[in-house]
Structures are given as structure tokens and as C-alpha cells.
Amino acid sequence: MKILLIVLAFIVLLAVVLVMRTLAAKPTEAVNAKINLDKSSRADEYGEKLSRMVKIETISCRDQQERNKFYTFHEELEKLFPNIHEKCEKQVFNGSLLFKWQGKGTTKPVLFMSHHDVVEANGTWEHEAFSGDIDETGRIWGRGTVDTKASLCCMLGAVEELISEGFEPECDVYIASSCTEEWSGEGAPATVQYLKDNGVELAYLMDEGGMILEEPVGGVKGMYGMVGVVEKGYGDVKFVAKSNGGHASAPTKNTPLVRLGKFMCEVEKNYPFRSEMSPTVREMFRRMTPNMNFGMKLIFSNLWIFEKLLLKLLPSISSAAGAMVRTTLAFTTAKGSDGYNVLPQEAYVTGNMRYIPHQDRDESIKIISEIAKKYDIDTEVIYSDSSCPVVSYDSQPFHLVEEVAKEIYPGVSICPYTMTGGTDAKFYKDLTPNALRFAPLYIDKQQYGSIHALNENIFKGALPLAVDFYKNMIKKS
């Protein structure tokens, strides 16, 4: 009886501690923050500029030889941003752009980047994909509005305005825009090589990545600016199963397709990659915890007791959050026999892998290869690169982003996070340890979901705010 009372007392005490820690996490000002879209003539001006940029189709794909459309896009930029083309040095690398705005040279240069190529625009759109339509609600429609001609428009607009104001930066300011980002092509590597050849070391760079969103994670209320501070590695892997083939009228056991199916089922049923709460993810959740609903707040305020359970459950609760804590593998394409009545001599599936830093490329490939081997399947790496260095959320460039964001977007909470997608910033590892991935544009949930999908659009009233963000970043660099 005495032992039972002690156990009950311990449980009550633990419950009290958990609830007290939960209640101590008071909601922050982000929960009531609102974005006041610009309604001035500047919104009309930048909306029209972005519209003209979107109207030029700049779809890119692997092995694309014809680059004339990108040069047509460059010609439009000359008309839209004449001060930049008069004042700044310009380099072109087979369709990819680099501008240099000469500063006083007292500090390390900074670089802002945003690609101008886009993915295909299939399906039926509410407004034609390259119409650049601006509707009565102030939305600009078209492929590339969010990914990423809007941020390119705004960073160019910031430099254009500063030049017209007679401002001279303390450091050199670079703007890079590749035309091959969507397939990890040669544009960014060529730009990096040019900068290396000229001895350039960057204080920081800012590429596409997170944006300003309301409720970025289900159950988290408020407005957040999501700043990517680490980018997962990328891999395309081919899993090949072979046999002697044969006629489908007399099938043997464990044909290539069957072995591949068993392999894929095992991977999905018993996911082989280790989940781990990195300092970045932990800090992201720490900043979001005060604005969570009570159930989530109870868990995230008490990770000291719930962390292991959370890591097991997180991938099933949210695929996006799950991707921040482990390597992922998605099976994407497959091929077997060319004939309906023929057993394949060789069949394969491909998988797209995104490597987490705590279980990077080599370890992740080794793990999946050992599982494939159990089913007599060979693993071939088509393309692979490691995860990128982590930028500290205590670094000066990150604090600068926080400072400027609070000036432009009062009340918005800035959160570091792990990028699950890829960017051109991965090619700049040797030029700076501070590669931040953040486009300072407000988008709603529909606009976020339109990236690489139907009906991509952005608010024209969001553009002047982003221009002012870039202007302040340049002034304070």
C-alpha cells in the first residue's frame, strides 16, 4: 500500500510539473501579428514589373541546349531595372546572371540570389500560366510568381531604388540568378567558380527558402518567418533487380518486379533511417511552442520526457515535420518488361533521397544498399551530394535577418528550420558558412500549395515590403 501511495504521489507530482511547464509557455505577439499588404502606387509598380517577368516563359529542364528565352528575359530586366544595368557589373554564364554593385569595400561582400527558371505548368489554370494577370484582389498569376521571380524582382527593385537614392553600400553587393536551379544545373556552379577565381569570400548569402506564413505547422497559431539554416543532401538512386527472364505463361518465383516490391514494402513498413531532434529543429519548436494548442504545447514544453515518443510519431503526424528529423526516401519511377507477356530480365525502381546531416549521404546509402542486397537488388547512385553546413541561429547574419524582419513585419516570429527541398545555395559551401534560405514575402496557404502546382500566384501588396526588407539588409551589411 505504501509503495502504491508513493507511485501515485510521483505521478501526481509529474503531472503538476508537466502542466506548470506547459502553462509557463505564454503566447507571443506572433499569435496576433497581421500582414498589412501595401496598397500604394509602389505595389502597382512592382506588380506590373513582376507581371512582365512572368509573361516570359523560362521553363528549364536537364540537357536543355536552347537558352534564347533566358536572354529574352534578361532584355526585359534591362528595361525594368535600368539603374542596375548602368551602375552594376554584369556577368552571364550561359543564361545565368550575376550582378556586382561596387561598395566602399570596407567589409566582406554579401550576395542575394533567386533563380529565374521555372518548372513546367501543366494542367488547367484559373489564369493562363504565363499570363501575368493581375486580378481585382491584387493577386499576380503565373508560373514563377512564388518560385522565384517575385523575390528576384524585389531584390533587384531594392538595389534599383537605393541607386536612385544615391546610396553607396559599405560592401560589395552581388545578385545572382541562375537559369538551371530547377534541375541543379551548371548555372550556380559556374557563378561560384567565377567568384572563386576572383577571390570573393562572402559574409553571407540569402537564397530562396522559407517565407512568411500563417500557421506554418498544424496546431501552431500565429505569423512566422521561416528561415532555412540547413539544407538536406540530395540523391537519385536506382535499385536494379535481374533474372533470366522468361515467358509470362510459366512464371518463376521472386521475379525482379516481385523482389523490388518486397524491398519497397520493407522500407515503407520498417523505415530504416534514424530520427533525431537536431538543435535547429529543437529551436524551431521552442519558438513555436508558446502558440501551440494545449495538447501540442504539453508535449513540446516537456521534450525532456516526450522526445523519444515524439520522434516516433512525428513522421506520421506531419510528413513535412518528419522530413526535418530524418533522411527520406521516396520511390519515384519504375520499369519492368516491355511486353505484357514477358518476364523482365531486368527491372528497376528509382528513389529520391534527402540526407539529414546526422545520417548523411554515405551512411544513408549504405543502410539502404544493405536492405536492397537482402532481395538480390543492386544499388546504383545516379546523383548524390551531401547535406550543407548548418548556419547557427546565433550567428550575426541570422540575427540581422531577425532585426530587419521585425522592422518590416512587426510581431512576426522568425524561426530557423531545416530545408527539405533543394536550392542553388548548396553550391556556395566554399564561399561562406552563412547561407541563409529565406524569401521575405508573405504568402497564404493556397499560394504556398501552388509552388510547382496549379494556379501559382502572389499578392502584389507583398512586393514593396520585400523590397524594403532587402534595402534594409543592404544598408545594415
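**Let's talk about the pattern of salt bridges**
Link 1 in the chain: Across all of its chains, the model carries 31 salt bridges by this definition.
Link 2 in the chain: Measuring nitrogen to oxygen at the nearest pair gives 2.7 Å for the salt bridge that ties Glu456 to Arg143. On the criterion of sequence distance, the pair formed by Glu456 in the loop between helix 14 (445-449) and strand 16 (457-459) and Arg143 in the loop between strand 4 (139-141) and helix 5 (145-164) is long-range, its members being 313 residues apart. Residue Glu456 shares its accessibility class with Arg143, and that shared class is buried.
Link 3 in the chain: Across the pair Lys471 and Glu161 runs a salt bridge, and its minimum N-O distance is 2.9 Å.

**So, the sheet that holds strand 12 (residues 346-355)**
Link 1 in the chain: Taken together, the 4 strands give an open sheet; going across it, the order is 10-12-8-13, and neighbouring strands pair in antiparallel fashion. A single partner strand is all that each edge strand has here, and the edge strands are strand 10 (328-335) and strand 13 (377-385). The sheet shows a mean angle of 20° between the axes of neighbouring strands, taken without regard to direction.
Link 2 in the chain: Relative to strand 12, strand 10 runs antiparallel, the two sharing 7 bridges. Following the sheet pairing, Thr333 is matched in strand 12 by Thr350.
Link 3 in the chain: Running at roughly 160° to strand 13, helix 12 (residues 361-374) makes contact with strand 8 (233-242), strand 10, strand 12 and strand 13 of the sheet.

**Some remarks on the layout of surface pockets**
Link 1 in the chain: There is about 1,400 Å³ of room inside the largest pocket.
Link 2 in the chain: Lining the largest pocket are 47 residues, with Met419, Thr420, Gly421, Gly422 and Ile451 positioned closest to its centre.
Link 3 in the chain: When residues of the lining of the largest pocket are assigned to their parent elements, the largest contribution, 6 residues, is made by strand 6 (residues 204-214).
Link 4 in the chain: Residues that form the lining of the largest pocket fall into these classes: 23 nonpolar, 12 polar and 12 charged.
Link 5 in the chain: Each pocket or cavity is described by its volume, and for the second largest pocket that value is around 210 Å³.
Link 6 in the chain: Contributing elements (two or more residues each) for the lining of the second largest pocket: helix 9 (294-300) and helix 10 (303-317).
Link 7 in the chain: In terms of residue count, helix 10 provides more of the lining of the second largest pocket than any other element does, 6 residues in total.

**Describing the packing of helix 13 (residues 396-408) against helix 15 (residues 463-476)**
Link 1 in the chain: Across the interface, helix 13 lies against helix 15 with an axial gap of 10 Å and an inter-helix angle of 135°. In terms of orientation, helix 13 lies oblique with respect to helix 15. Crossing of helix 13 against helix 15: the hand is right-handed. Note on element contacts: helix 15 touches helix 13 through Leu465, Asp468, Phe469, Asn472, Met473 and Lys476, opposite Leu400, Val401, Glu403, Val404, Ala405, Glu407 and Ile408.
Link 2 in the chain: Of the residues contributing to the contact of helix 13 with helix 15, the split by class is 8 nonpolar, 1 polar and 4 charged.

**Some words on the pairing of strand 15 (residues 435-442)**
Link 1 in the chain: With 8 of 8 residues buried, strand 15 lies mostly within the body of the structure.
Link 2 in the chain: Every second residue of strand 15 is oriented toward a common face, with Ala435, Arg437, Ala439 and Leu441 on one face and Leu436, Phe438, Pro440 and Tyr442 on the other, all of them buried.
Link 3 in the chain: As paired strands, strand 6 and strand 15 are joined by 5 bridges and run parallel to one another. Counterpart to Asp207 in the pairing with strand 15 is Arg437.

**Some details on the environment of Ala248**
Link 1 in the chain: When you line up the elements, Ala248 lands in the loop between strand 9 (246-247) and helix 7 (256-269).
Link 2 in the chain: Its relative accessible area of 31% is what places Ala248 among the partly exposed residues.
Link 3 in the chain: For Ala248, the residues in contact, after removing those within four places along its chain, are Tyr340, Asn341, Val342 and Leu343.

Each value, and the rule that gives it
Residues numbered from 1 in each chain as written. Predicted model: local features only at pLDDT ≥ 70, side-chain atom pairs only at ≥ 80, totals over all residues. Heavy atoms only, no water. Salt bridge = Lys/Arg side-chain N within 4 Å of Asp/Glu carboxyl O. Helix = DSSP H or I, 4+ residues; strand = E, 2+ residues; numbered from the N terminus. Buried < 20%, exposed > 50% of the residue type's maximum accessible area, 1.4 Å probe, protein only. Pairing = 2+ DSSP bridges. Axes fitted to C-alpha atoms, helices over the stretch in contact; angles between N-to-C directions. Contact = heavy atoms within 4.5 Å. 1 Å grid on protein atoms, 1.4 Å probe; cavity = no way out; pocket = protein on both sides within 12 Å on 5 of 7 lines; lining within 4 Å. Points joined across faces, edges and corners; volume = space filled by probe spheres on them. Nonpolar A, V, L, I, M, F, W, Y, C, P; charged D, E, K, R; others polar. Parallel < 35°, antiparallel > 145°, perpendicular 65-115°, else oblique. Left-handed = near helix turned anticlockwise from the far one by under 90°.

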